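Structural description and commentary
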Amino acid sequence: MIQISNSKDLKNEQNLWLKSYNLINENGKSERHTTRSYNLWRSIVSRCRAGGLVQSKNPTYVGVTNNFASYQIFTDWCQEQYGFWNRNPSNTFWHLDKDLLVQGNKIYSENFCLFVPQEVNKLFNIKSNSRGVYPLGVSYQDNRFKAQCNVSNKPNYLGFYKTPNEAHRAWQRAKLEQMIIIRDKNYSETISNCIQVRVNSLTQDIQSNRETFKL
């Protein structure tokens with residue numbers, strides 16, 4: 001996920017997309033503004049740098065590659081994408097997502113990326129390191145197993161259970177309910193269809209009494 005709020009994209013006299021430009025503020029002083037597309041591009045490059053700071057801090061980005069041929073091509077692509085200039089309720093821009101269309105994808109390219117609302121992106125965030133050895137949505141506390149299904153990064157406690165399996169089932173049902181609510185907001189047919197794929201998979205896990213390992 002990448003989301004950055006910055007200035008609109010502009011071209012120079014040679015019809016090339018600028019990376020930044022100066023604007024006069026209300027006090028009459030010149031301010032340097034970096035364009036939205038260039039900040040997105042710079043973030044992609046940083047995430048794809050093997051052995052770089054991003055990958056060292058976030059191992060899930062190891063192996064991620066950038067298949068956009070250039071900043072110019074990337075910016076052309078951005079202008080045509082649904083949601084590129086859309087904003088979340090918090091007034092931040094929608095996120096650039098690389099793995100909603102194809103689960104587990106590690107390629108930034110025209111074929112795999114799209115812009116999604118923050119709540120869609122966070123819907124599928126999984127913090128594997130924080131839960132330890134227990135199933136998704138489950139932690140151990142006070143000799144019991146606690147179920148928790150976060151909503152927009154805010155904890156939603158589902159109760160305590162005798163076994164990790166019972167707690168995981170509570171998490172599955174809560175997560176499925178979240179998915180359906182956000183799917184039915186109809187941000188776009190593509191986004192709704194991608195969520196529906198996850199709804200189908202999670203429903204099958206619940207019906208088969210099967211543990212869910214990824215969303």
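Residues numbered from 1 in each chain as written. Predicted model: local features only at pLDDT ≥ 70, side-chain atom pairs only at ≥ 80, totals over all residues. Heavy atoms only, no water.

1. Here's the deal with the packing of helix 1 (residues 36–47) against helix 3 (residues 71–79)
The relative placement of two packed helices comes down to the angle between their axes together with the axis-to-axis distance. As a reminder, the rule being used: Helix axes are fitted to C-alpha atoms over the stretch in contact, other axes to C-alpha atoms as well, and angles between N-to-C directions run from 0 to 180 degrees. By definition, any uninterrupted DSSP run of H or I lasting at least four residues is a helix, any uninterrupted run of E lasting at least two residues is a strand, and each is numbered from the N terminus. Orientation is classified from the angle alone, with under 35 degrees giving roughly parallel, over 145 giving roughly antiparallel, 65 to 115 giving roughly perpendicular, and any other angle giving oblique. Crossing handedness follows the turn of the near helix against the far one: under a right angle anticlockwise gives a left-handed crossing, and clockwise gives a right-handed one. Whether two residues touch is decided by their heavy atoms; if any such pair falls within 4.5 Å, the residues are in contact.
Close contact between helix 1 and helix 3 brings their axes to 10 Å; oriented N to C, the two are set at 120°. Considering the angle they form, helix 1 stands oblique to helix 3. The element helix 1 and its partner helix 3 pack so that their crossing is right-handed. Contact residues: S37, Y38, L40, W41 and I44 in helix 1; Y71, F74, T75, C78 and Q79 in helix 3.

2. Concerning helix 3
The criterion, for reference: Only protein chains enter the calculation, and the probe is 1.4 Å; a residue is then buried if its accessible area is under 20% of its type maximum, exposed if over 50%, and partly exposed in between. Note that the arc is computed from the directions linking the helix axis to the C-beta atoms.
Among the residues of helix 3, Y71, F74, T75, W77 and C78 are the ones counted as buried. One face of helix 3 carries all of its buried residues, which in axial projection span an arc of 160°.

3. Section: helix 7 (residues 189–207)
The line we're drawing: Helix span is expected to be 1.5 Å times the residue number reduced by one.
In this model, helix 7 (19 residues) spans 26 Å end to end at C-alpha, consistent with the 27 Å of a helix rising 1.5 Å per residue. Looking at the packing, one finds that the buried side of helix 7 touches strand 6 (114–116), helix 4 (118–123) and helix 6 (164–183). Backbone geometry just downstream of helix 7 places N209 in the positive-phi region, at approximately 55°.

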